[in-house]
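Coordinates in review
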Amino acid sequence: MRIHDKLKQLGIELPPVATPAAAYVPFVQTGKLVFLSGHLAKKDGKVWVGQLGKDVTTAQGKEAARAVAIDLLGTLQAASGDLSKVKRIVKLMSLVNSTPDFTEQHLVTNGCSELLGELFGPAGAHARSAFGVAQIPMGACVEIELIAELE
């Protein structure tokens, strides 16, 4: 099944590329690799604000990371011209706005990883880092960046 068919089956509509909020570009391609800038979690079109371990649960954080995956896919579509050109998801880096005692950043990040795996199959299996950080721009609960290889 094609990626677009899987997205449709899941009821996912890809958003357009967001306008950068600072001095950077949404993606850069070098050779066959495309590097996507960090995307903030959004809910109802606004930054999903909160801190894991304080006012956001692990389950909510996982949902936020899944929302980031959808935004990343919109940017990846713009970068590649067509998601069918994605040969492999190479790496994710996830930043989770969390209290010092919160230790489930890896579970939060699964929200993004699992969706990519569902859509791309074995090509969606990726290397990954998940960090707990004291704060993320605009108070977002999760930020994720992605590296992909194109055909």
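Residues numbered from 1 in each chain as written. Predicted model: local features only at pLDDT ≥ 70, side-chain atom pairs only at ≥ 80, totals over all residues. Heavy atoms only, no water.

Before going further, it helps to spend a moment on the sheet that holds strand S6 (residues 127–133). Here we have 5 strands laid out as an open sheet, ordered S1-S2-S7-S5-S6, and mixed in their pairing. At either margin of the open sheet sits one strand with a lone partner, and together these are strand S1 (27–30) and S6. Strand-to-strand twist in this sheet, taken as the mean axis angle between neighbours without regard to direction, amounts to 15°. Where strand S2 (residues 33–40) meets strand S7 (residues 142–150), 6 bridges bridge the pair, whose relative direction is antiparallel. Opposite Val34, over in S7, you have Ala148 as the bridge partner. Running over the sheet, helix H2 (residues 58–80) touches S1, S2, strand S5 (86–97) and S7 and is turned about 140° from S2. In the packing of helix H3 (residues 105–120) onto the sheet, the strands contacted are S5, S6 and S7, and the crossing angle to S5 comes to about 160°. (Pairing = 2+ DSSP bridges. Helix = DSSP H or I, 4+ residues; strand = E, 2+ residues; numbered from the N terminus. Axes fitted to C-alpha atoms, helices over the stretch in contact; angles between N-to-C directions. Contact = heavy atoms within 4.5 Å.)

A separate point is the nonpolar core. Within the largest apolar cluster, 36 residues are counted, with the highest numbers of intra-cluster contacts made by Leu76, Val142 and Leu146. Taken together, the elements giving at least two residues each to this core come down to helix H1 (3–9), S2, H2, S5, H3 and S7. Sorting elements by how many residues they give to this core places H2 first, with 9 residues. (Core = buried A, V, L, I, M, F, W, Y, C linked by side-chain atoms within 4.5 Å. Buried < 20%, exposed > 50% of the residue type's maximum accessible area, 1.4 Å probe, protein only.)

For the rest of this paragraph, the subject is the packing of H2 against H3. How two helices pack is summed up by the angle between their axes together with the distance between the axes. Closest axis-to-axis distance for the H2/H3 pair is 6 Å, and the angle between their directions is 45°. Between H2 and H3, the crossing angle belongs to the class labelled oblique. Remark: the crossing between H2 and H3 carries right-handed chirality. Residues Thr58, Gly61, Lys62, Ala65, Arg66, Ala69, Ile70, Leu72 and Leu73 of H2 form the contact with H3, whose own contacting residues are Leu107, Val108, Thr109, Asn110, Gly111, Cys112, Glu114, Leu115, Leu116, Leu119 and Phe120. Residues of the contact of H2 with H3, tallied by class, amount to 12 nonpolar, 5 polar and 3 charged. (Parallel < 35°, antiparallel > 145°, perpendicular 65-115°, else oblique. Left-handed = near helix turned anticlockwise from the far one by under 90°. Nonpolar A, V, L, I, M, F, W, Y, C, P; charged D, E, K, R; others polar.)

Before going further, it helps to spend a moment on the environment of Glu145. Among the secondary structure elements, Glu145 is positioned in strand S7. Here the alpha-carbon distance between Glu145 and Leu40, two residues 105 residues apart in the chain, equals 9.1 Å. Setting aside anything within four residues of it in sequence, one finds Glu145 in contact with Leu36, Ser37, Gly38, Lys91, Leu92 and Met93.

Applying the stated criterion to the full structure yields 0 disulfides. No disulfide involves Cys112; its sulfur sits 13 Å from that of Cys141, the nearest cysteine. Cys112 sits in the buried class, given a relative accessible area of 0%. (Disulfide = S-S within 2.5 Å.)

Turning our attention to the environment of Thr19. As for its position among the elements, Thr19 is in the loop between H1 and S1. According to the relative accessible area criterion, Thr19 is exposed, its value standing at 72%. For the pair Thr19 and Leu116, spaced 97 residues apart in sequence, the C-alpha separation works out to 23 Å.

Of note, Asp44 is a non-glycine position whose phi angle comes to about 55°, a positive value. With respect to the helices and strands, Asp44 occurs in the loop between strand S3 (42–43) and strand S4 (46–47). Classification of Asp44 as exposed rests on a relative accessible area of 73%. Even without glycine at this site, Met138 takes up a positive phi of about 60°. Along the chain, Met138 falls in the loop between S6 and S7. Relative accessible area serves as the criterion here: at 54%, Met138 is assigned to the exposed category.

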